[in-house]
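Coordinate analysis (summary)
Single-letter residue listing:
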Amino acid sequence: MRFAWRETGVVVAVQAVVLTTLSDRYGFHRDELYFLAAGRRPAWGYVDQPPLTPLLARAFSAALGETPSGIRVAATLLAAATTVVVAMITAELGGGRAAQVFAAAATALSGFVLGVSHMLSTATVDLLLWVAIAYCFLRVLRGDGRWWVAVGTAVGVAMTNKWLVPLLVVSLGFALLVTGPRKALVSRWLPVGALVAAAITAPVFRWQAEHDFPLLTVAGGISEVDGGENRAMFVPLQLLYLSPVLVPVWVAGFVRLWRDERLRSVALAYPVLCVITLVSGGKPYYTMPLLVVLVAAGAEPAVRWAARHRVWAGAAAVVGTALSVVISLPVLPAARLGPTLAVNPEAGEQVGWPELTATVARVWATIPPGQRAEAVVFTRNYGQAGAIERFGPAHGLPRPHSGHMSYADWGPPDDRFDGPVLVVGRRSPEFTECRVVEIHRAVVANEEDGTDVALCRAPRWSSTWPQLRRYYG
């Protein structure tokens, strides 16, 4: 089917304008502050992620400014590319212009996609790469084995972003073995694709191996700490994350793919991925890229249904769009975010970082001037550390230290820093003689609301640093 470049281009243009207009409405997300910090310290890997997203944060902040709108240009471009690839999937499945436009618009306006498109995150990158892998896989299933090389390339790039893509590879591979066409697995291009993926992944894998695979430690922590909640919320969030009004669309997409013997493995991959995510205690959003693919597959029957039920279709479009925009984009005043945080807590994590830094600065000012040269700022988590690193210099604050994630690898203070320790957040037993000076009050009920800021006695950093390392929470 001919691709609707002009119509899809209009959807992408509107998407880019909306995302750009709202990009600095609140502020940095805690993860973006961490990406900026990691990007200043380039490496082949970090404790909780490979290097791709931090490198994007560094590149776009260097080119466009270390601001939310600067680094979020990367997110907008990734989102636009995702929308285009989804429309290409619909075209590959025989969908006409109307279906392609529907798929593009439904993707761009779905809650999860809006949320990860508004800010730069590893999920923003993964979403594009996963739907690209699905598109290339569809081309393989249609009989062109050369697309295995493209699959391998996309898998390799995804491994430099986050190590979730093996879940997709296993799901697609298992589904292909079960449903066929198994002849796709004997293509001479498959090992070429595997070699390309391995070559791209090699430097990242080597870094993780040299550091005892901390990514696996972090993944284990997610499963142990949040696994029960993730499993309990999995099914409801499958229905809510994109949009409740899109559930019939992706169900229709599943049925459509299942009825095609050549493409049945793409349909089966979604429930297989769901089972893997549930068993491992992974986060419910891990399956969202495959749901987007199912929406692309369901676009053609959705358009036919909408043509027969224009009133209902229009009402569903209005309601679905309004819910997605209000929940996922920063259109409400920050002080009125309360009700939406139950569905999208990430919105609250974009509010209040300059204010937290100002709170820390007020406590820092209570340290006698003669003691500040040997004093240290230590934070409980990387969001706090990233905020102080970004906004602290304007307040005269020193570079913060933290034992959280890769901040632990960026070093303890020298033992000569034996003055007061300003501790932000819950304190470890290694800090003694602590006195809470101020409690930070955030504009919204986010993770930093109620954070203690205390002054403590300095430990001997070189001997206590291993105990201060934290991989999760």
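Above: the structure in question.
A short tour of the structure in this document, coming up. Each residue is numbered by its place in its chain's sequence as written, counting from 1. Totals for whole chains, interfaces and linings use every residue, but because this is a predicted model, local features are given only for residues with pLDDT of at least 70 and side-chain atom pairs only at 80 or more, for both listing and counting. The basis for the side-chain values is all heavy atoms of the structure; hydrogens and waters are excluded.

This brings us to the state of the cysteines. Two cysteine sulfurs form a disulfide in these notes if their separation is within 2.5 Å. Following the criterion strictly, the structure yields one disulfide and no others. A disulfide bridge connects Cys434 with Cys456, and the sulfur atoms are separated by 2.1 Å. Between Cys434 and Cys456, the S-S torsion sits near 115°, and that sign places the bridge as right-handed. Here the residue Cys434 occupies a position in strand β4 (residues 432-440), and Cys456 occupies one in strand β5 (residues 451-457), the gap between them amounting to 22 residues. Three labels apply to residues, based on accessible area from a 1.4 Å probe with only protein chains included: buried if under 20% of the type maximum, exposed if over 50%, partly exposed otherwise in between. In this structure Cys434 comes out as partly exposed when scored by relative accessible area, which is 34%. The way it works is that DSSP assigns letters per residue, a run of H or I at least four long becomes a helix, a run of E at least two long becomes a strand, and they are numbered from the N terminus.

What follows covers the packing of helix α1 (residues 5-21) against helix α5 (residues 97-109). Relative to each other, α1 and α5 sit at 15°, their axes nearing to 9 Å. The angle between α1 and α5 falls in the class roughly parallel. Crossing of α1 over α5 shows right-handed handedness. Each of Glu7, Thr8, Val11 and Gln15 in α1 lies in contact with α5, whose residues at this interface are Arg97, Val101, Ala104, Ala105 and Ala108. Gly falls in the polar group here, along with every residue not listed as nonpolar (Ala, Val, Leu, Ile, Met, Phe, Trp, Tyr, Cys, Pro) or charged (Asp, Glu, Lys, Arg). Here the residues of the contact of α1 with α5 sort into five nonpolar, two polar and two charged. For helices, the axis comes from a line fit to the C-alpha atoms of the stretch in contact; other axes are also lines fit to C-alpha atoms, and the angle between any two N-to-C directions lies between 0 and 180 degrees. Should an angle fall under 35 degrees it is called roughly parallel, over 145 degrees roughly antiparallel, and 65 to 115 degrees roughly perpendicular, with every other angle called oblique. Each crossing gets its handedness from the near helix: less than a right angle anticlockwise from the far helix is left-handed, clockwise is right-handed. Contact definition: two residues touch when any of their heavy atoms are within 4.5 Å.

A separate point is the sheet that holds strand β1 (residues 376-379). DSSP calls a pair of strands paired once it identifies at least 2 bridges connecting them. Strand order in the open sheet made by the five strands is β2-β1-β3-β5-β4, with mixed pairing throughout. The strands lining the two open edges of the sheet, one partner per strand, are β2 (401-402) and β4. Relative to β5, β4 runs antiparallel, the two sharing six bridges. What sits directly across from Thr432, in β5, is Arg457. Packing of helix α17 (residues 382-391) onto the sheet brings it into contact with β1, β2, β3 (421-424) and β5, and relative to β1 it is tilted by some 140°. Along the sheet, helix α18 (residues 461-468) makes contact with β1, β2 and β3, crossing β1 at roughly 15°.

Bringing a nonpolar patch on the surface into the picture now. Together, Val10, Val14 and Val18 make up a nonpolar patch on the protein surface, roughly 240 Å² of accessible area in all. Inspection of the secondary structure puts Val10 in helix α1. Patch definition: residues above 30% relative accessible area lacking any salt bridge, with like charges linked at up to 9 Å and the nonpolar side chains Val, Leu, Ile, Met, Phe, Trp and Tyr linked at up to 5 Å. Residue burial considers only the protein chains on display, and all accessible areas are found by Shrake-Rupley using a 1.4 Å probe. For this analysis, a salt bridge means a side-chain nitrogen from Lys or Arg found within 4 Å of a carboxyl oxygen belonging to Asp or Glu.

We now examine helix α6 (residues 111-118). Taking burial as the measure, the eight residues of α6 include eight buried ones, the bulk of the element. If you check which residues of α6 are buried, you get Gly111, Phe112, Val113, Leu114, Gly115, Val116, Ser117 and His118. Where α6 is buried, its residues meet α1, α4 (68-92), α5, α7 (122-141), α14 (288-308) and α15 (310-328).

Turning our attention to the pairing of β5. Summarising burial for β5: five of the seven residues are buried, a large majority. Note: β3 against β5, four bridges, orientation antiparallel. Among the inter-strand pairings, Val421 is bridged to a residue of β5, identified as Cys456.

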